[in-house]
Number of protein chains: 2
Amino acid sequence: MTKILSGIGGIAVGLLVTFVLFGGSLLGAGSAEQDLQLKSNAEAVYVPHGEHDEYYLINSGGHSGQLFIYGVPSMRHIRTIPVFTPDPATGYGFDKESKEMLGGYTWGDLHHPALSETNGDYDGKFLFATDVANNRIAAIDLQDFHTVDMMKVPNIGGPHCAAFVTENTEYLFLPTRFSLPFDDPHASLDDFSEKYRGVMSAITFDQEEKKFDIAYQVALPPWSYDKAASGKLVSRDWAVLSTYNTEEATTNLEIKASQADRDYVVLFNWRNLEERVANGEYEMHNGERMIFPENLDGDIYLVPAAKSPHGIDVTPDGKYFITSGKLAPAMTVFSFEKAFEAIENQDFSGERNGIPILTYESVMEREVDPPGALGPLHTQFDDRGNAYTTMFISSEVVKWDVATGEVLDRHSVYYSPGHLVTAHGDTVNPHGNYLVSLNKFSLNNYLSVGPSHPESMDLFDITGDTLRHLSSTPVNLEPHYAQMVHRDVINPFHVYERDESDPRAVYDQSDTRIERDGDHVTIYGISMRSKFLFDATSERPDVIEVNEGDLVTLHVTNNDFDQDITHGLGIMDYNINFEQMPGQTKTIEFVADKAGVFPIYCTNFCSALHQEMTGYLIVNPK
Amino acid sequence: MTKILSGIGGIAVGLLVTFVLFGGSLLGAGSAEQDLQLKSNAEAVYVPHGEHDEYYLINSGGHSGQLFIYGVPSMRHIRTIPVFTPDPATGYGFDKESKEMLGGYTWGDLHHPALSETNGDYDGKFLFATDVANNRIAAIDLQDFHTVDMMKVPNIGGPHCAAFVTENTEYLFLPTRFSLPFDDPHASLDDFSEKYRGVMSAITFDQEEKKFDIAYQVALPPWSYDKAASGKLVSRDWAVLSTYNTEEATTNLEIKASQADRDYVVLFNWRNLEERVANGEYEMHNGERMIFPENLDGDIYLVPAAKSPHGIDVTPDGKYFITSGKLAPAMTVFSFEKAFEAIENQDFSGERNGIPILTYESVMEREVDPPGALGPLHTQFDDRGNAYTTMFISSEVVKWDVATGEVLDRHSVYYSPGHLVTAHGDTVNPHGNYLVSLNKFSLNNYLSVGPSHPESMDLFDITGDTLRHLSSTPVNLEPHYAQMVHRDVINPFHVYERDESDPRAVYDQSDTRIERDGDHVTIYGISMRSKFLFDATSERPDVIEVNEGDLVTLHVTNNDFDQDITHGLGIMDYNINFEQMPGQTKTIEFVADKAGVFPIYCTNFCSALHQEMTGYLIVNPK
């Protein structure tokens, strides 16, 4: 333990690990995998103009609140997609709809993006992500890569543990990182064990309506819940959560949450819980259907796990779940089948808070302990039965055989990896070609931008027997997991269709108009190359004139139905900017609280006369 | 004209231009330039782990309000530096100091970054940028890549035209994109020609105090001013601005600002204006020293330029300035020397608004008209007398000889370039190896992210006789110019030194404390691996307890003086997050307006026990 703690934050440890250079064996040409191995590193990651990357890397943006889209293998940053934080470049959080959706928050802590799945593999429809800081969950529609719904979840303290979906996206399970007062919102920390709970939420998403709902919540013991994973195939009705601070410490967790030799995995049968809820087996609590595990006669169990486990991952065949004590050197493989047997046999070693504890030895399949490896965190998979686990402290990725536990290869990363991701690596069908390690530090890897460094990503070719390091890429703060999905799975559109049912939309210049109702002015406008039209009948059709104090509702429809012709509308000194994508109608609402003459201009370069695409907001003084 | 207008926004035109593939001739090995040419494209842009990019590309982020830092030649996005828009990943705009600096604005339109210069070349000290939307200018200290000052400039309507510095950073000239009411803030657009002015500002920056000031302003005619450039060497006392809408149209500029065959370049002697100001030759206007050009007997002149010029650039030897009518096919080279002669000889072809117009034929050195090239915008230079001009409509970069006007090469870009940049390309010492074209469209160049596409950048090797296309890179919205500076010029530090003079800073755990003064609570805290200490003497040193309605001032010093160990402090549901870089002290201020128990946690991954680096904000109800 002393050894481990002394290594914490000591990047140096990672540097001691052997540097395995370009380990891929060179095979004859033939399969795509072999082709990859025949290329030099430079060639392997180079995507010339006219070709596309093979995979999307959809990267959590952590406390930036956003998603980062990269291409693999080039590792080019393609786009930042705003989710929990306003984004003036697109007007997200500025236009009426997205502003209301954000609910006044100007940041989020986006963890653990999860793609929707059908039959256990990515279906390319939606991406989900949670906001640890403000207890929200969001859905991004992958047809236009825009955030379409956001819900604030009550009774929880940080859905750190991600939104990993069940095999057909029936549920997303959101455990809570912090336990919070349960009945009395002001319960003292002195009464933590009695009056706090760690509430897990079972969330549904209606793909037609594009709306979240809370199916039920579970009032788990007052611990910290870290990561979640859903079962697959044989384990499809089950899900698992890792826990820490089962010591129930309320201060100085650095020491006090690391006392017990074992924390737990929570293992639960979501399909049975769903049935119980349908049968009315819940209590309403703070507006939600709440299940109390101590009242159940099954369906929720604890499995002892090594000290302070962090990551928890289910193998592609659904037979095993793997977790690792981040303060222990070993990964532990647990068998779902053995767990089911233990449940059947009531093979319990005790209980905590009324929840039966399955006997460790009965459920554990294997402990994997690579010599000198420290700080195992997360595990991903390939299509050949191998697992890849990040080691935060020893700064490496370890490749090992799930079936035997044999360590097959190790490769340094630069430096201190948190998550890692392989292509389709958490599905029933991993692709087994690329692996990206998401590293918490970059030190002096890149041109220095001062004391606040980027994080970093290492791309590996994993088609060979050994990991082959292809490239190193900086990344903005701060990835927590990613999804790597094949380009063929994602099918976005590029132009919004005319929507005659939208009363805000204007597709005919003669329909542009400025309407006044008391002190509420509503504008039905058009943006098009290369002008704004707010009232085509006016002498100055690109001028909006209102009175100081008016409420102004400005609808604008982009009448350019051409790919990539996005307009932006900015109003000087009014802190307003929003894009209208091709064919799209957007609305902004503001109070004209400053009198004067304020230029309006197109902020999204749209044509050679973009600079001339202007107008004025005239606010007459009171 | 019809032809040009029909091509506007028609990307297709760009595609018709001959695709010159990999035109670089292969020379024998030897110089760095020749080495570059010997490499394949993939090898030329590949920077392996352990090596650094050769250049920083400091890219304007347009209406994102931020700066994007890339490395050249890898074109990896290293970091986004927040300037005009809050950034929760770093806490910029959340902590007290930066929040006050942003002045309530949550976006900006960052155009035209400009590096500080000494003797006409980059000195690596500061970067300046303007906010077109909200009339601000900002300085970024390149020792830590953080925004250190921001000033709102009165009397102007969009400093689009950038902050290009004089040879020794004496001044930054901010022309105004929109003319605004001058005396009566509510003057009607009907009185535009009489009552509006386009005010140019001469800004100084005190590098010791890190503070902007306004030296003087010039009340130019009511036109739109587009870009600025400062003279060099022989022209060092002069600067030039491009203009459009000298038609003084107030609506439908798409048509009405394109009527006249000639707009103007404003040519002025800033050193003489400085002297005039010193001599009291100004009037105070709205708090600023205002110069009226119609009252002068010199020092400000107009030079006729082709229809609606956009870019304006000065050659490295300072002898010429080049501007191009964006609706004309030609670039025009003007001679400073000839302009000085014309001034000496009073060789005027007339005047506008009391400003003498130099005779076009007397000042013009050469018109350069590459056949079929359309939409010339911006020009950069190499070290061999060549100029490179972007053609927005014909989607290409044209290489031409400044001395002869001979067109030497043309290469398609993908698609529709606005600015371009070469290494040190606007200094007296361009490097002549890399060129990046900043393109307004990307169409289907990259994996699709829906209807809102990234913009794009093409990297060229310009060491050979012809432009050689090396790579294509997506970029977030929306670059307007960039600076490409050699890595040796930039020398950031990595850890903040102890600052015993800072009364907020706490370097000793025993100095942590929570002080109450009425309903104002001040906390002097520490962040360190892996805990927060707000009051080390408390039973729960990581807990802050206040009363509902209290004003809370929270100072936190990062006590880890190790490179790359940044901590973040987030407070759940309080919309608060801010980073503390190694050794740095930051302050956040908020009103505890919600009662309850709110987890505090470290948001910047810092150690294996990062997850345990937590605490609570307890807000007792009223």
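In this text the structure is predicted, and so the values were computed from the model without any measurement.

*Asks:* Let's hear about the pairing of strand β33 (residues 513-517) of chain B: which residues, and what values?
*Replies:* All names here are of chain B. Examined bridge by bridge, β33 and strand β34 (residues 520-528) share five bridges and lie antiparallel to one another. If you follow Ile514 over to β34, its bridge partner there is Ile523. Taken together, β33 and the strand that follows it, β34, pair antiparallel across an intervening segment of two residues, in which Gly518 is found at a positive phi of about 65 degrees.

*Asks:* Outline the domain arrangement of chain A, supporting the account with residue identities and numerical values.
*Replies:* Residue and element names in this part refer to chain A. Once the domains are mapped, chain A shows domain 1 (1-80 + 375-493), domain 2 (109-325) and domain 3 (509-620). Between the C-alpha centres of domain 1 and domain 2 there is a distance of 26 Å. Taken together, the contact between domain 1 and domain 2 spans 40 residues of the former and 35 residues of the latter. The junction of domain 1 with domain 2 conceals about 3,000 Å² of combined surface from both sides, 67% of it contributed by carbon and sulfur atoms. Sorting the residues of domain 1 by area buried against domain 2 places Phe381, Val428 and Gln483 first, and these three jointly supply 18% of that buried surface. Summed over the shared surface of domain 1 and domain 2, the result is zero salt bridges. Here domain 1 and domain 2 share 18 residue pairs in polar contact (both at pLDDT 80 or more) between them. Contributing elements (two or more residues each) for the side of domain 1 that touches domain 2: β1 (55-60), β2 (67-72), β24 (376-381) and β32 (482-486). With six residues, the single largest contributor to the side of domain 1 that touches domain 2 is β24. Looking at the side of domain 1 that touches domain 2, its residues break down into 20 nonpolar, 18 polar and two charged.

*Asks:* Go over the interface of chain B and chain A, please, and point to the residues and values.
*Replies:* Listed as interface residues are 148 residues of chain B and, on the opposing side, 149 residues of chain A. Regarding the contact of chain B and chain A, the summed buried area is about 12,200 Å², with carbon and sulfur atoms giving 59% of it. The interface formed by chain B and chain A includes four salt bridges. Here B:Lys152 and A:Asp573 are joined by a salt bridge, their closest N and O atoms 2.5 Å apart. Applying the counting criterion to the chain B and chain A interface returns 72 residue pairs in polar contact (both at pLDDT 80 or more). Top element by residues in the side of chain B that touches chain A is strand β31 (residues 468-475) of chain B. It accounts for six residues.

*Asks:* Describe the sheet that holds strand β20 (residues 331-335) of chain B, naming the residues involved and giving the relevant values.
*Replies:* All names here are of chain B. Strand order in this open sheet of four strands is β18-β19-β20-β23, and the pairing throughout is antiparallel. With partners counted over all chains shown, the strands left at the sheet margins are β18 (309-314) and β23 (364-368), one partner each. Here the strands of the sheet are splayed against their neighbours by 20 degrees on average, with no regard to which way each runs. Pairing between strand β19 (residues 320-325) and β20: five bridges, direction antiparallel. Within β20, the position partnered with Ile322 by the bridge is Val333. Sitting on the sheet, helix α9 (residues 336-344) is in contact with β18, β19, β20 and β23, with an inclination near 55 degrees to β20.

*Asks:* So what about the environment of B:Glu589? Which residues, and what values?
*Replies:* All names here are of chain B. As for its placement among the helices and strands, Glu589 is situated in strand β40 (residues 585-591). A relative accessible area of 31% places Glu589 in the partly exposed class. Sequence spacing of Glu589 and Lys99 is 490 residues, and the spatial spacing of their C-alpha atoms is 9.9 Å. If sequence neighbours within four positions are ignored, Glu589 has contacts with Lys96, Leu551, Val552 and Thr553. A distance of 2.8 Å separates the side chain of Glu589 from the side chain of Thr553, its partner in a polar contact.

*Asks:* Kindly report on the pairing of strand β38 (residues 567-571) of chain B, identifying the contributing residues and their values.
*Replies:* Residues and elements named next belong to chain B. Among the five residues of β38, five are classified as buried, and the element is accordingly described as predominantly covered. Residues His567, Leu569 and Ile571 line one face of β38 and the alternating positions Gly568 and Gly570 line the opposite face, and both faces are buried. Pairing of β38 with strand β39 (residues 576-580) involves five bridges; the strand directions are antiparallel. Residue pairing for β39: Gly570 is matched across the bridge by Asn577. Count of turn residues in the β38/β39 antiparallel hairpin: four residues, of which Asp573 carries a positive phi of about 65 degrees. Looking at chain direction, β38 and strand β41 (residues 596-602) are connected through three bridges and run antiparallel. Paired with Gly570 across the two strands is Tyr601, which belongs to β41.

*Asks:* Break down the relation of the copies chain B and chain A for me, citing the residues and quoting the values.
*Replies:* Relating one copy of the chain to the other takes a rotation about an axis and a shift parallel to that axis. Mapping chain B onto chain A leaves a residual RMSD of 0.0 Å; the transformation is a rotation of 180 degrees accompanied by 0.0 Å of translation along its axis. As the rotation angle and translation indicate, the two copies are arranged about a two-fold axis. Considering only C-alpha atoms, the part of chain B nearest the rotation axis is B:Ala42, at 2.7 Å. The residues that chain B uses at the interface reappear at the interface of chain A in 100% of cases, marking a shared surface.

*Asks:* Can you break down empty space enclosed by the protein residue by residue, with the values?
*Replies:* A full pass over the atoms with the stated rule returns 17 cavities of 30 Å³ or more. In this structure, the largest cavity occupies an estimated 430 Å³ of space. As for the largest cavity, its lining consists of 29 residues, of which A:Gln66, A:Thr80, B:Gln66, B:Thr80 and B:Asp87 are closest to the centre. Breaking the lining of the largest cavity down by element, the ones donating at least two residues are β3 (77-81) of chain A together with β2 (66-72) and β3 (77-82) of chain B. Element by element, the count of residues in the lining of the largest cavity is highest for β3(B), at five residues. Its residues assigned to classes, the lining of the largest cavity comprises twelve nonpolar, 13 polar and four charged. Approximately 360 Å³ is the volume found for the second largest cavity.

About the thresholds
Residues numbered from 1 in each chain as written. Chains lettered and ligands numbered in written order. Predicted model: local features only at pLDDT ≥ 70, side-chain atom pairs only at ≥ 80, totals over all residues. Heavy atoms only, no water. Pairing = 2+ DSSP bridges. Helix = DSSP H or I, 4+ residues; strand = E, 2+ residues; numbered from the N terminus. Domains from an automatic or database assignment. Contact = heavy atoms within 4.5 Å. Buried area = accessible area lost by both parts, 1.4 Å probe. Salt bridge = Lys/Arg side-chain N within 4 Å of Asp/Glu carboxyl O. Polar contact = N/O pair within 3.5 Å; in protein donor to acceptor, adjacent residues only side chain to side chain. Nonpolar A, V, L, I, M, F, W, Y, C, P; charged D, E, K, R; others polar. Axes fitted to C-alpha atoms, helices over the stretch in contact; angles between N-to-C directions. Buried < 20%, exposed > 50% of the residue type's maximum accessible area, 1.4 Å probe, protein only. Least-squares fit on C-alpha atoms with pLDDT ≥ 70 in both. 1 Å grid on protein atoms, 1.4 Å probe; cavity = no way out; pocket = protein on both sides within 12 Å on 5 of 7 lines; lining within 4 Å. Points joined across faces, edges and corners; volume = space filled by probe spheres on them.

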